[in-house]
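Here's the letter readout for the chains.
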Amino acid sequence: MKSIKKNINWIIAITLIMALLVGVFWFAYSSLMPPDKEKTEEYLQSDKDDLIIVVDFLNNLDYSFVHIDESNIENGTMFTGAYTREQKIENKTVLKALKKILNSKNYEKIVKNDNTVYFQKWSFLQQERGIAFNTNEEDSLSVEYLIKSETLSEPGWYFYEADYEEYRNQKG
């Protein structure tokens, strides 16, 4: 009877460890997978208020290029180009939205490039995916190495995919 009880405890322990390992591997696998258009639509709907605050702020700046990532937000700054460098972000509402997007919602970077503000949600090597807002519907999206864009449910918003190698091969 004691040996059966001891064996059952081992079987339960091994089963729990295996289930934990499967769960960890599944979580790692699913978090490494790039978001598709449907998942990006979910991000847009859940993060829309903060995304709009940032888009409005960036579109009202006199800079044609702005780059913001987690390191900028720690300092409350944005990179605006080689000559103008770092600029302080004074607007507390915008800072709060940026911190939420980059820290809590796990976006990797935010870029304003001419007519486009894009929010990179995923990247791997030289590939990236995310949400873009086009300020001028008559122009195409201005995302570096853009290979694919699809409209989302909200006017002006797009799912985008960028890939350096694929872009280079298409142009070459």
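Per-chain numbering applies: the sequence of each chain, read as written, is numbered from 1 onward. Since the coordinates come from a predicted model, pLDDT governs what is reported: local features require at least 70, and pairs of side-chain atoms require 80 or more to be given and counted, while whole-chain, interface and lining totals use all residues. Calculated side-chain values reflect all of the structure's heavy atoms, with hydrogen atoms and water omitted.

Draft legend 1. Main features of the overall build of the protein. Each helix is a run of H or I in the DSSP string that is no shorter than four residues. Each strand is a run of E no shorter than two, and both are numbered from the N terminus. When you go through the protein residue by residue, the secondary structure sums to 5 helices and 8 strands. The order of helices and strands in the protein, counted from the N terminus, is α-α-β-α-β-β-α-β-β-β-β-β-α. For a compact globule of 172 residues, the expected C-alpha radius of gyration is about 16 Å, and the protein comes in at 21 Å, more than 25% above that figure. If one aligns the C-alpha atoms of the protein with their principal axes, the spans along those axes are about 80 × 40 × 30 Å. Relative accessibility decides the category of a residue: with a 1.4 Å probe and only protein chains considered, values under 20% of the type maximum give buried, values over 50% give exposed, and everything between is partly exposed. Buried positions account for 37% of the 172 residues belonging to the protein. Throughout, a contact is declared for two residues whenever any of their heavy atoms are within 4.5 Å. Put simply, 50% of the contacts in the protein that link residues at least 6 apart link residues at least 24 apart. Only carbon and sulfur atoms are counted for the fraction: they give 55% of the accessible area of the protein, which is about 11100 Å². Charged residues are defined here as Lys and Arg on the positive side and Asp and Glu on the negative side; His and the ends of the chain fall outside this count. Working definition for charges: the position is that of NZ of Lys, CZ of Arg, CG of Asp or CD of Glu. A distance of 12 Å separates the average location of the 20 positive side-chain charges in the protein from that of its 27 negative side-chain charges. With the radius of gyration taken over C-alpha atoms, the globule rule is written as 2.2 Å times the number of residues to the power 0.38. In these tables, accessible area is a Shrake-Rupley quantity obtained with a 1.4 Å probe, and a residue counts as shielded only by the protein chains included in the view.

Draft legend 2. Representation of the pairing of strand β1 (residues 65-69). The buried count for β1 comes to 4 of 5 residues, which makes it a mostly enclosed element. Here, strands pair whenever DSSP counts at least two bridges between them. Summarising the sheet, β1 and strand β4 (residues 109-113) pair through 5 bridges and their orientation is antiparallel. By the bridge assignment, H67 is partnered in β4 with V111.

Draft legend 3. Inspection of the packing of helix α2 (residues 37-59) against helix α4 (residues 92-104) at higher detail. Contact geometry for α2 and α4: axes closest at 9 Å, N-to-C directions at 125 degrees. Relative to α4, the element α2 lies oblique. By crossing handedness, the relation of α2 to α4 is classed as left-handed. Mapping the contact onto sequence places D50, L51, I53, V54 and F57 in α2 and T93, V94, A97, L98, K100 and I101 in α4. When its residues are assigned to classes, the contact of α2 with α4 shows 8 nonpolar, 1 polar and 2 charged. Interaxial angle, 0 to 180 degrees, is taken between N-to-C directions of lines fitted to C-alpha atoms, where a helix line uses only the stretch in contact. In what follows, roughly perpendicular refers to angles from 65 to 115 degrees, roughly parallel to angles under 35, roughly antiparallel to angles over 145, and oblique to any angle outside these ranges. By definition, turning the near helix anticlockwise from the far helix through less than a right angle yields a left-handed crossing, and turning it clockwise yields a right-handed one. The nonpolar class holds Ala, Val, Leu, Ile, Met, Phe, Trp, Tyr, Cys and Pro. Asp, Glu, Lys and Arg form the charged class, and all remaining residues, Gly among them, are polar.

Draft legend 4. Main features of the environment of M18. Within the fold, M18 resides in helix α1 (residues 2-32). In the structure, M18 is positioned 55 residues away from I73 in sequence and 40 Å away in space, judged by C-alpha atoms.

Draft legend 5. Main features of the environment of S142. Examined against the element boundaries, S142 turns out to sit in the loop between β6 (127-134) and β7 (146-151). When its relative accessible area of 16% is taken as the criterion, S142 is described as buried. Along the primary structure S142 and N113 are separated by 29 residues, whereas in three dimensions their C-alpha atoms are 6.0 Å apart. Other than its neighbours up to four places away in sequence, S142 contacts N113, D114, N115, T116 and Y118.

Draft legend 6. Up close: the packing of aromatic side chains. For Phe, Tyr and Trp, where Trp contributes only its six-membered ring, two rings pair if their centres lie within 6.5 Å, and the inter-plane angle classes them as stacked under 30 degrees, edge-to-face over 60, or tilted in between. Summed over the entire model, instances satisfying the criterion amount to 7 aromatic pairs. Between the aromatic rings of Y107 and F119, the centroid separation amounts to 6.3 Å while the plane-to-plane angle is 75 degrees, which identifies the pairing as edge-to-face. You can see Y107 sitting in the loop between α4 and β4 and its partner F119 sitting in strand β5 (residues 116-124), a full 12 residues away along the chain. Consider the rings of Y118 and Y160, whose centres lie 5.4 Å apart with planes at 70 degrees: the pair is edge-to-face. With Y118 in strand β5 and Y160 in strand β8 (residues 157-163), this residue pair connects regions lying 42 residues apart in the sequence. Judged by its relative accessible area of 5%, Y118 falls in the buried class. Put simply, the rings of Y107, F119, F133 and W157 touch in pairs and so form one group of aromatic residues. The lysine or arginine in question, K121, covers the ring of Y107, its NZ or CZ lying 4.3 Å from the ring centre. Cation placement over rings: the criterion is NZ of Lys or CZ of Arg within 6 Å of the ring centroid and within 35° of the ring normal.

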